[in-house]
Amino acid sequence: MDTKSEDGVLARGSPPVVSTSTLFQSSDADVTFRSSDNVDFRLHKRYLEFATGGFPPANTPSSLGEIVRLSESSTTLEILFQFIYPQRHPSLDKLGFEELLKVAEAAEKYEVFGALTATHLMLREFLYSHSKQVLQFACVHRVAPLVERLAPIMMDTPLSKIKGALILCPSYFVEWSLFREQYLQLSIALAQSRPQHKCDNFNIFTRVVLQKLDKPSNLMMPNLENLFNIRSIGGLENIQVCCATESRKWYHAVRERVAKIPEFTLETMDG
C-alpha cells in the first residue's frame, strides 16, 4: 500500500493526484483532456470542431470515459481552452513572455483560431525585449507579419546570429538578407562619396556620421534626421551656416536614396 512521507508527498508508485479545472467541469461534456500536471478539462466536441482545426470532428466516436492526455500544463490549457467557447476571450496582456509563448505554441499545435490571432498580436509587445525568441517562433510557424516587424528592429544583428531561426524558412532568409544588404551597400557608398566641404567642424561631423554607419539601422528613415543633424554632435562650437547647409544637403541626398529602398514584406509568400 502506498504511504505518505512526513512532508505529505506520495511515495513512489502512488497514483497521481488528479483534479478538475474549475472553469471546465461541465457534467454534459463529451471529451476530457488531461494536462501534463494532471488537471482534467471537460469540454464539448462541438465547440472544439467549430473553433479549432487540430482536434477530431464532433462526430468522431470515442470510448466511454476516455481521457486524452496533452503535453501542456494546466496553466497553459486553461487559457487556451477559453478561446474555444462562444464567450469573451481571456486577456493576455498580463502574461509574461514565457507563458505567452507557451500559449502561442499550443495555439499553433492545436490550431485554436482565436488564440492564434490573440497571441500573435500580443507577441508584438515583445519584439524588442525578446527579438530572437519571437523570430524563432515566427519562422517555425510561418507568421510573416511578425518577421516583417522584426526585420527593421534586428537590422544590426549579424545574420550569423539568427540564421538558425531564419533557415527554418529559406524564403524568409533570402528576403531578410536582401533587405539588410541594401542598407549595408548604402553605408559603403556613403563612406566612399562623402561631401568635400573643408570646414573643420564639418570634417568632425562627417567622421561621426561615418562611425555610426557601422549600424545600418541608423540609415533607416526614422533615424536619418538625427544622424545628419550637425547640431546634435557634442563638442562642435560656432557651427557656421555653410556647415549646417552642407549637412542638410547631405541629409536630403541620403534620404532620397533611402526612400527608394522598399519596406521589408513577405506578403507574396506562403505563410
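Residues numbered from 1 in each chain as written. Predicted model: local features only at pLDDT ≥ 70, side-chain atom pairs only at ≥ 80, totals over all residues. Heavy atoms only, no water.

As recorded by an unreviewed UniProt entry, the chain carries the name BTB domain-containing protein and is attributed to Lentinula boryana.

**Remarks on the overall build of the chain**
Helix and strand counts for the chain stand at 11 helices and four strands. Taking 18 Å as the expected radius of gyration for a compact globule of 271 residues, we find that the chain reaches 28 Å, considerably beyond that expectation. Along the first, second and third principal axes, the C-alpha set of the chain runs to 90 × 50 × 35 Å. In the chain, which comprises 271 residues, the share counted as buried stands at 42%. Long-range contacts, defined here as pairs at least 24 residues apart, represent 59% of the contacts in the chain between residues at least 6 apart. Accessible surface computed for the chain: about 15,600 Å², of which carbon and sulfur atoms make up 51%. Measuring between centres, the 29 positive side-chain charges of the chain sit 8 Å from its 31 negative side-chain charges. (Helix = DSSP H or I, 4+ residues; strand = E, 2+ residues; numbered from the N terminus. Rg over C-alpha atoms; globule rule 2.2 N^0.38 Å. Buried < 20%, exposed > 50% of the residue type's maximum accessible area, 1.4 Å probe, protein only. Contact = heavy atoms within 4.5 Å. Areas by Shrake-Rupley, 256 points an atom, 1.4 Å probe, with all protein chains shown as cover. Lys, Arg positive; Asp, Glu negative; His and termini not counted. Charge placed at Lys NZ, Arg CZ, Asp CG, Glu CD.)

**Some thoughts on the pairing of strand β3 (residues 39–43)**
With four of its five residues buried, β3 lies for the most part within the structure. Here strand β1 (residues 19–25) runs beside β3; their pairing, made up of three bridges, is parallel. Note on β3: the bridge partner recorded for S19 is V39. Where strand β2 (residues 31–34) lies against β3, four bridges are found, and the strand directions are antiparallel. From the neighbouring strand, R34 faces β3, where its bridge partner is D40. (Pairing = 2+ DSSP bridges.)

**Quick word on helix α2 (residues 74–81)**
Burial within α2 is extensive, with six of its eight residues counted as buried. Taken residue by residue, α2 has S74, T76, L77, I79, L80 and F81 as its buried positions. Where α2 is buried, its residues contact β1, β2, β3, α3 (97–110) and α4 (113–123).

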